[in-house]
Amino acid sequence: MTGATPSLGDGLPPAELAGRYGLSVSGARPGLAMYTRLLWGRRHFIVAFSTAKLTAQYSQAKLGQVWQVATPLLNACVYYLVFGILLGTRRGIPHDVFVPFLVTGIFIFTFTQSSVTAGVRAISGNLGLVRALHFPRAALPVSIAIQQLQQLLYSMVILVATAIVFGSYPSPRWVLMVPVLALQFTFNVGITMVMARLGSKTPDLAQLTPFVMRTWMYASGVMYSIPVMLRGKPDWIKIALQHNPLAIYMDLMRYALIRGYGAENLPAHVWLFALAWALLLGVAGYIYFWKAEEQYGRG
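Now for a description of the structure that goes with this document. Remember, predicted model here, so these are calculated numbers, not experimental data. (Residues numbered from 1 in each chain as written. Predicted model: local features only at pLDDT ≥ 70, side-chain atom pairs only at ≥ 80, totals over all residues. Heavy atoms only, no water.)

Each helix and strand in the protein was counted, giving 13 helices and 0 strands. Helices and strands in the protein line up, N terminus first, as α-α-α-α-α-α-α-α-α-α-α-α-α. For the protein, the proportion of its 299 residues judged to be buried stands at 44%. Contacts spanning at least 24 positions in sequence make up 77% of the contacts within the protein whose residues lie at least 6 apart. (Helix = DSSP H or I, 4+ residues; strand = E, 2+ residues; numbered from the N terminus. Buried < 20%, exposed > 50% of the residue type's maximum accessible area, 1.4 Å probe, protein only. Contact = heavy atoms within 4.5 Å.)

Between helix 5 (residues 95-119) and helix 7 (residues 139-165), whose axes approach to 10 Å, the crossing angle comes to 170°. It follows from the interaxial angle that helix 5 and helix 7 lie roughly antiparallel. Here helix 5 contributes V99, P100, V103, T104, F107, F111, S114, S115, A118 and G119 to the contact with helix 7, which in turn contributes I144, A145, Q148, L149, L152, S155, I158, L159, T162 and A163. Counted by class, the contact of helix 5 with helix 7 contains 13 nonpolar, 7 polar and no charged residues. (Axes fitted to C-alpha atoms, helices over the stretch in contact; angles between N-to-C directions. Parallel < 35°, antiparallel > 145°, perpendicular 65-115°, else oblique. Nonpolar A, V, L, I, M, F, W, Y, C, P; charged D, E, K, R; others polar.)

Right, let's talk about the environment of K53 for a bit. Looking at the secondary structure, you find K53 in helix 3 (residues 43-57). With residues up to four places along the chain from it excluded, the contact list for K53 reads N126 and Q147.

Quick look at empty space enclosed by the protein now. Under the definition given, this model contains 1 cavity of 30 Å³ or more. Counted as a void, the largest cavity has a volume near 60 Å³. In terms of lining residues, the largest cavity is bounded by 13 residues, among which Y224, I226, D251, R254 and Y261 are the most central. Counting residues per element, the ones that place at least two in the lining of the largest cavity are helix 10 (226-229) and helix 12 (245-257). With 3 residues, the top contributor of residues to the lining of the largest cavity is helix 12. Residues that form the lining of the largest cavity fall into these classes: 6 nonpolar, 5 polar and 2 charged. (1 Å grid on protein atoms, 1.4 Å probe; cavity = no way out; pocket = protein on both sides within 12 Å on 5 of 7 lines; lining within 4 Å. Points joined across faces, edges and corners; volume = space filled by probe spheres on them.)

As enumerated under the stated definition, the model contains 1 salt bridge in all. Across the pair R254 and D251 runs a salt bridge whose closest N-O atoms are separated by 3.8 Å. Placement of both R254 and D251 in helix 12 is noted, with a separation of 3 residues, approximately one turn of the helix. Given a relative accessible area of 7%, D251 falls into the buried group. (Salt bridge = Lys/Arg side-chain N within 4 Å of Asp/Glu carboxyl O.)

This paragraph deals with the packing of aromatic side chains. All chains considered together, the criterion is met by 8 aromatic pairs. Ring geometry for Y80 and F98: centres 6.1 Å apart, planes at 40°, overall tilted. Within this pair, whereas Y80 is found in helix 4 (residues 66-86), its partner F98 is found in helix 5, the two being separated by 18 residues in sequence. Owing to a relative accessible area of 22%, Y80 belongs among the partly exposed residues under this scheme. On the basis of relative accessible area, F98 is assigned to the buried category, the value being 0%. Pairing F101 with Y261 gives two aromatic rings, centres 5.7 Å apart and planes at 50°, and the pair type is tilted. Note that F101 is positioned in helix 5 and Y261 in the loop between helix 12 and helix 13 (270-290), a separation of 160 residues in sequence. Of the two residues examined, F101 and Y261, each falls in the buried class. Each residue in the set Y80, F98, F101 and Y261 is aromatic and connected to the rest through ring pairs, giving one cluster. Note that R137 overlies the ring of F135, its terminal NZ or CZ placed 4.8 Å from the centroid. (Phe/Tyr/Trp six-rings, centres within 6.5 Å; stacked < 30°, edge-to-face > 60°. Lys NZ or Arg CZ within 6 Å of the ring centre and 35° of its normal.)

Another aspect to go through is the packing of helix 8 (residues 177-201) against helix 12. Relative orientation of the contacting elements helix 8 and helix 12 amounts to 165°, with a least axis distance of 9 Å. When the axis of helix 8 is compared with that of helix 12, the two are roughly antiparallel. The chirality of how helix 8 crosses helix 12 is left-handed. Contact with helix 8, carried on its side by M177, V180, L181, L183, Q184 and F187, involves P245, L246, Y249, L252, M253, A256 and L257 of helix 12 and no other residues of that element. (Left-handed = near helix turned anticlockwise from the far one by under 90°.)

Turning our attention to the side chain of S220. Here S220 shows up in the loop between helix 9 (205-218) and helix 10. Assessed through its relative accessible area of 1%, S220 is described here as buried. Separated by 2.6 Å, the side chain of S220 and the backbone oxygen of W216 make a polar contact. Beyond its immediate chain neighbours, meaning those up to four positions away, S220 contacts I226, N244, L246, A247 and M250. (Polar contact = N/O pair within 3.5 Å; in protein donor to acceptor, adjacent residues only side chain to side chain.)

Purely spatial values, then, with no claim about function.
Here it is in structure tokens:
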């Protein structure tokens, strides 16, 4: 008489059966602390990936990496013609201040704008990588933020040169550019992670993002002084616009770099707000992205 085939499960529930044989869920989300350690362990990959993406971005253009600087500079020229000359948004700002004021605003705004726009496709645009390899998915939005930081650092050459040409020579205040960029980079990482999670489930968000960013640009004082242009308007409008994160980071960079842009142009408690925005988006964006770790690349 043939004996019955022994059962491996002995009627155990799937979870207990998996535990008996040391099995775990494929792609399960690790705890936040472990996830952070895994992400730190991929830091060399993140930097290399962001550098490679930046290099490839202009590989088909004859001028290559020159466009990293030329693109925002050309934007500055167009905005100066339209807003500075034709529409007169430079009123209340001396000419030797307005040009570096405008260039600084465009470069700093573009830093965040590019991070947000690219962040929407951080997961959906790298599905092959996400599905083929096991790594913390946060590496992708972080690499995008680093890529945009690298691009901004190239552009800083033009920004500094513009400031010097218009009379803003190196001073101790220039040191403040470092913490300003650090705070904005932290903010960018957080908002890029938020957009990456949203974009992974809603690809159409990529079509809406340019309109949102354009509205944000006009509300942030990129090409005009908020206090001057809103003189006579309700105070709550001026306060809301001056304390939005991009307006804060632009104002701080202008204060650090431009000699004629003094502290009287800054809103109250500006450094506190700059830090708060960076921590809020940096921490909340990271946790928000981590909570959906198991969903990326599926479906």
